[in-house]
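Secondary and tertiary structure notes
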Amino acid sequence: MSKAFRPYVPAEARPPEMTLRAVLLGVALSALFGAANAYLALKAGQTIAATIPAAVIAIAVFRMPFFRGGVLEQNITRTAASVGEALVAGVAFTIPAFFLAGLWPDLAGHFWDVVWIMLAGGLLGVFFIIVLRRPLCVESDLPFPEATACAEVVKAGQHGATEAPRYVFGAMGVGALLHLFTNSRGLQLFREMTTGFIEFPRALIRHFDFDKSPIGEVAHGGGLPWTTPLASPALMGVGYIIGPRYAAINFSGTALAWWVLIPLLLFFDPDLPRRLPGVAPGGEAWEVISNSVWYNIVRPVAVGTMLVAAVYTLYTMRGSLIASVRGALQARTRAATETAGNRLEQDIPIKVIGASIAALVVPIVLIYYRFTEGWGSALLAGAVMTVVGFILAAIGGYLVGLIGSSNQPVSGLTLTALVVAALLMVAVGVRGTPGVLAVLGVASVVCISCSVAGSLIQDLKAGYLLGGTPWKMQVAEVISVTVLAFFLMWPFVALHSAYGIGSRELPAPQAGLMATLAKGIVAGEMAWGLVLAGCVIGFVLILIDAPAPMLIAVGMYLPFETTSAIFVGGLFRWVADRIAARKTLSPAAQEHYEQRGTLLASGFIAGEALLAILFSVAFIVAERMGYASFSLTQLLTGHAELALYPRWGGWLSLFVFAVVAYVLIRIPFRAALGANPSANERQD
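Residues numbered from 1 in each chain as written. Predicted model: local features only at pLDDT ≥ 70, side-chain atom pairs only at ≥ 80, totals over all residues. Heavy atoms only, no water.

**Overview of the side chain of asparagine 75**
Applicable threshold: Every helix listed is a DSSP run of H or I at least four residues long, and every strand listed is a run of E at least two residues long, numbered separately from the N terminus. Burial here depends on accessible area, computed with a 1.4 Å probe over protein chains only, as a share of the maximum for the residue type. Under 20% is buried, over 50% is exposed, and the range in between is partly exposed. Between two residues, a contact is recorded if the distance between any of their heavy atoms is within 4.5 Å.
Inspection of the secondary structure assignment puts asparagine 75 in helix H3 (residues 71-94). Residue asparagine 75 is classed as buried on the basis of its relative accessible area of 1%. Each residue touching asparagine 75, except ones within four places of it in the same chain, is listed here: Gly463, Leu466, Gly468 and Met473.

**Thoughts on the pairing of strand E2 (residues 203-208)**
Spelled out, the test is: Strand pairing is assigned whenever DSSP identifies at least 2 bridges connecting the two strands.
When E2 meets strand E3 (residues 214-220), the two strands line up antiparallel, connected through six bridges. From the neighbouring strand, leucine 204 faces E3, where its bridge partner is alanine 219. Hairpin remark: E2 followed by E3, antiparallel, with five residues in the connecting loop; positive phi at lysine 212, about 70°.

**Points about the pattern of salt bridges**
Stated precisely, the cut-off is as follows: Each salt bridge in this description consists of a side-chain nitrogen of Lys or Arg and a carboxyl oxygen of Asp or Glu lying within 4 Å of one another.
Evaluation of the coordinates by the stated rule reveals nine salt bridges. Note that aspartate 459 is salt-bridged to arginine 78, the shortest N-O span being 2.7 Å. With a gap of 381 residues between them, aspartate 459 in helix H15 (residues 432-466) and arginine 78 in helix H3 connect regions that are remote in the sequence. For the pair aspartate 459 and arginine 78, one class covers both residues: buried. For glutamate 345, the salt bridge goes to arginine 134, with nearest N and O atoms at 2.8 Å. Of this pair, glutamate 345 sits in the loop between helix H11 (318-338) and helix H12 (350-372) while arginine 134 sits in helix H6 (residues 133-138); the two residues are 211 residues apart in sequence, bridging distant segments of the chain. Note on accessibility: glutamate 345 and arginine 134 belong to one class, buried. One continuous salt-bridge network, built from bridges that share partners, spans Arg133, Arg134, Glu345 and Asp347.

**With respect to the packing of helix H5 (residues 111-130) against helix H16 (residues 470-484)**
Our working definition: Interaxial angles span 0 to 180 degrees and are taken between N-to-C directions of axes, which are lines fitted to C-alpha atoms, for helices over the stretch in contact. Should an angle fall under 35 degrees it is taken as roughly parallel, and over 145 as roughly antiparallel, whereas 65 to 115 is taken as roughly perpendicular and any remaining angle as oblique. Definitions for this section: a left-handed crossing has its near helix turned counterclockwise from the far helix by less than a right angle. A right-handed crossing has that turn clockwise.
The contact between H5 and H16 brings their axes to 9 Å, and the two run at 170°. Between H5 and H16, the interaxial angle falls into the category roughly antiparallel. Crossing geometry of H5 relative to H16 is assigned as right-handed. The residues of H16 that touch H5, namely those facing Met118, Leu119, Gly122, Leu123, Val126, Phe127 and Ile130, are Gln474, Glu477, Val478, Val481, Thr482 and Leu484.

**As for the side chain of threonine 372**
Defined as follows: Any pair of nitrogen or oxygen atoms within 3.5 Å is treated as a polar contact; in protein, a donor-acceptor pairing is required on top of that, and neighbouring residues in sequence qualify only through side-chain atoms on both sides.
Tracing the sequence through the fold places threonine 372 in helix H12. Among the polar contacts listed, one links the side chain of threonine 372 to the backbone oxygen of glycine 374, at a separation of 3.2 Å. Of the polar contacts made by the side chain of threonine 372, one reaches the side chain of serine 377; its length is 3.0 Å. Apart from the residues within four sequence positions on either side, threonine 372 is in contact with Ser377, Ala378, Pro434 and Ala438.

Following this line, the structure appears as structure tokens:
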């Protein structure tokens with residue numbers, strides 16, 4: 001960073017910053033966005049950074065007459081608010097693996113285990129990344145796209161009125177309303193998705209040996225399973241935010257799985273239906289078989305592809321990792337002598353960081369001891385967690401600076417930690433359930449640590465641009481992690497009770513991957529032939545320089561209806577971008593259009609997710625009161641479904657796509673034209 005750089009609030013200024021109201025509002029927003037992202041992470045395997053929506057809400061709240069505050073208070077609120085999303089990502093990608101692997105009968109019974117893992121992982125992520133603040137935020141030339149955009153939003157919000165909060169809250173209301181008529185627990189009018197199966201004509205294949213002598217003939221059949229995209233504003237919002245390119249890359253993996261691999265497997269094994277006596281004969285039999293083939297055969301292939309993609313990501317980051325660690329050590333020494341008294345360079349003291357890390361490792365080792373019932377394996381797991389956690393936090397922080405926290409490959413980094421821990425557990429003879437528990441315990445802490453570290457380094461960069469005091473932001477993050485660790489388990493418990501983690505409604509792809517790998521390596525239950533086939537696919541993707549192999553693999557691992565909905569959102573963004581390009585918007589109007597679209601998409605995500613959480617809570621309450629099922633349809637009409645739903649629900653769901661398309665395409669574009677009247681006049 002240039003020495004001529006000056007933050008928005010100068011170093012010599014001392015406006016109010018870490019006030020009680022700023023921290024409390026930040027923690028409340030953190031809980032809100034954390035609960036919303038819990039649903040999104042389990043459903044789609046992705047989370048959306050809360051930094052920009054939190055900044056917009058903070059601007060609006062601190063303008064209220066009874067709550068007026070300055071830009072640095074808003075910065076503290078935004079920093080604390082980003083914790084929820086980061087913690088939830090780490091938990092959603094790993095903790096359900098304990099349940100999916102059959103190690104825990106449920107999640108609620110292990111509440112305190114998860115709380116301590118979340119608390120330790122979150123705080124370790126904070127302390128790890130503090131060491132890297134100066135080399136990454138101050139001395140590097142990393143673009144930090146989301147942090148820079150967030151700082152610009154905050155600066156713009158200080159000058160006159162801004163309509164940004166209206167876009168966020170309006171989209172939240174629309175998203176919640178649409179989900180009310182889509183969710184099975186709501187007043188279900190729109191069918192969430194429609195499925196079917198296209199049977200191939202039977203083909204008689206004559207087989208020959210090497211000298212062309214006939215060896216038999218087989219009548220092959222099978223077909224192509226199809227599913228419509230989910231009528232989900234949240235998933236379409238995800239696709240809009242990540243853009244058409246990444247949405248298409250993700251969907252390409254799904255197309256490979258559902259339109260190539262599954263039809264081939266069904267074609268090659270015409271006797272499969274007869275060997276599955278549990279499948280009832282009828283028109284839906286092929287749909288059930290297709291889903292089973294995807295779950296039991298294609299997903300292990302995706303595991304192998306993910307594994308290769310994770311290793312390749314780390315390989316490409318090797319130089320950055322070494323530079324980050326070396327730069328951190330050098331920068332800490334310089335900072336102690338060159339920046340004394342400058343509030344913009346004051347971190348939590350390194351001695352406090354070291355002592356805190358040591359103190360956090362102790363309870364984690366105790367948990368690992370309870371998992372493994374051996375001190376040697378527990379200490380080894382603790383050492384792996386600490387060393388690998390710091391290295392991967394450094395990699396994750398660099399990636400956030402390069403591509404933003406929404407695109408940080410947390411699951412890929414976690415896979416690396418899991419494989420290292422699993423191989424070490426096998427090497428020291430810790431197998432079976434204790435070994436799997438230890439491996440998942442290491443992966444959980446590392447995943448949460450990487451996720452929180454990536455979130456905080458982005459916040460620290462935005463704070464650096466705005467003139468925030470680093471140690472105050474770091475303390476706000478510590479407070480938020482500590483409070484949220486005792487709250488964020490409840491959304492997961494509620495969602496699991498209502499929908500079932502691991503079901504088609506909440507597939508929890510990353511957690512399922514962690515469970516498969518841990519059991520496969522430690523307990524010897526891995527379908528290695530399928531995993532190796534997936535490794536070859538990953539290797540081929542790298543050979544042809546395919547973009548984002550990890551994203552392709554995740555697409556293979558997710559249900560078709562999920563990634564296709566994300567792809568639809570990406571198409572909406574593509575259409576909007578094409579319209580904006582034809583209108584030749586000015587740079588200011590282009591920025592206006594992009595910000596509004598992001599805020600509207602974020603509102604859709606929050607609105608649908610929060611209503612899904614509320615329905616989950618209502619389901620639990622109804623179950624505790626003795627009701628067998630709960631839905632607004634049942635409550636208001638006395639029937640399980642509306643009369644027109646079975647026949648017309650699928651067609652009516654097109655209304656959801658039309659509304660989302662209008663909001664995400666027309667409204668940001670119209671707002672941009674308002675900021676660029678000359679373009680409006682030229683084209684209209």
